[in-house]
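# A structural walkthrough
Residues per chain, in single letters:
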Amino acid sequence: MTTVLLAHGAGGGIEANYAGLIEDLSADHTVIGVDLPGTGSAPRRSVPLTLDGLADELVAAAEGHDRFAIVGYSLGTAIAIRAATRHPDRVSGLVLTAPFARPNPRMTMLVELWRELLSGDPEQLAAFVHLVGIGTPTLDRLGADELAGSLSATVVPPGTPDHLDLIDVVDVRADLARIAVRTLVISTTQDNLVTPHHHREVADGVHQAEYVELASGHLPFVEAPQRWIGLVRGFLDDQDRATPSDSADAATAVATAGATRGSNGDGMM
C-alpha cells in the first residue's frame, strides 16, 4: 500500500482539513497525519516553531516506510516542500493545495489582523475567518440560519498564534527548483487568503509541476470536497502506476535543470 503523509494548515488540524480525504484514501493507502503543536492532542510548545523542525518531524512520523507522497495544504505546503528538499530520498511526490512560497505584503497584513483578533471579540474573529476562508460564491449561498450556525461553530486551536508566527518567516522560494519529484499544485481560484498569485508562483518555481484549478475558496474540503479529493486521488493513483524508471528520469531532469487522526477546528492556512 502506498504511504501518504498529510501536512495541515495553520489553525486547522488533520481531522479538520483531511477527514474526507483520509476516509477516501484509507482503503488502499497507508495514511499518516501529524497535528501541528497546539492542535488536537499535540501540546503547544514554549519555543518558536521552525519549518525545518516540522518538516523533519513529519518525515519521522513515517518511520518504517521508505518512501511516501506528501499532501500539503496552505502552511502545510511549505512544510511539505521543505521535507522534500531535506529528505529527497524519502519523498516520492507532492500534492500542494493553496500553496505559498512566502507571504507577500497583502497576506502579511491579513495574518497580522488574524493575530490581533485572536485576543479580541470571538464574533469578530469568526467573521474574519469566514470572510477570508470561504469563497464568495459559497458564502453568498448560505442562508441566515446556516451562516449563524457556522459562525458560532468556529473553533480556534490554542497553537494558532504559533502557526501564524511561523507564516511570517516562511520562505521556500529557493527550495522550489530543488524539488525532484512529481508535483501537483491545486489552485483554489476563489481564495481570498492565499490567492492564486501565490499558487502560480509555486507552480512556476517547480520543474514541470502540474497545475490545476479548483473553483473554491481557501477551504476546498468544505466548499468542493469531492472535486478536491478526486484531484488528489487522481494524482496519487497516477503516481502509483508510474514505474521506477519514470521517477528516476524525472529526478535526473530536475537535477540537470538546476493515520494518525485527531483534531477538531475549522482550519485555515
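Figured I'd write up the structure that's included with this text.

Rules used throughout
Residues numbered from 1 in each chain as written. Predicted model: local features only at pLDDT ≥ 70, side-chain atom pairs only at ≥ 80, totals over all residues. Heavy atoms only, no water. Pairing = 2+ DSSP bridges. Helix = DSSP H or I, 4+ residues; strand = E, 2+ residues; numbered from the N terminus. Axes fitted to C-alpha atoms, helices over the stretch in contact; angles between N-to-C directions. Contact = heavy atoms within 4.5 Å. Phe/Tyr/Trp six-rings, centres within 6.5 Å; stacked < 30°, edge-to-face > 60°. Buried < 20%, exposed > 50% of the residue type's maximum accessible area, 1.4 Å probe, protein only. Polar contact = N/O pair within 3.5 Å; in protein donor to acceptor, adjacent residues only side chain to side chain.

### Section: the sheet that holds strand β4 (residues 91-97)
Judged by pairing direction, the sheet is parallel, and its 6 strands sit side by side in the order β2-β1-β3-β4-β5-β6 without closing on themselves. The strands lining the two open edges of the sheet, one partner per strand, are β2 (29-33) and β6 (210-214). Taking the axes of each pair of neighbouring strands and ignoring which way they run, one obtains an average angle of 20° across the sheet. Summarising the sheet, β4 and strand β5 (residues 182-188) pair through 5 bridges and their orientation is parallel. Residue pairing in the sheet places L94 in a bridge with T183 of β5. This element, helix α12 (residues 225-241), spans β1 (2-7), β2, β3 (68-73), β4, β5 and β6 of the sheet and lies at about 170° to β5.

### Describing the packing of aromatic side chains
Scanning the model with the defined rule gives 4 aromatic pairs in all. Centre to centre, the rings of Y18 and W228 are 6.0 Å apart; their planes meet at 20°, and the pair counts as stacked. Placement of the pair is Y18 in helix α1 (residues 14-25) and W228 in helix α12, with a sequence separation of 210 residues. Considered together, Y18 and W228 belong to a single accessibility category, that of buried residues.

### Some details on the side chain of T85
Inspection of the secondary structure puts T85 in helix α3 (residues 75-86). Among the residues examined, T85 registers a relative accessible area of 9% and is labelled buried. In this structure the side chain of T85 is engaged in a polar contact, spanning 3.0 Å, whose partner is the backbone oxygen of R82. In this structure the side chain of T85 is engaged in a polar contact, spanning 2.8 Å, whose partner is the side chain of D175. Those residues in contact with T85 that sit more than four places away from it in its chain are D175, R178 and I179.

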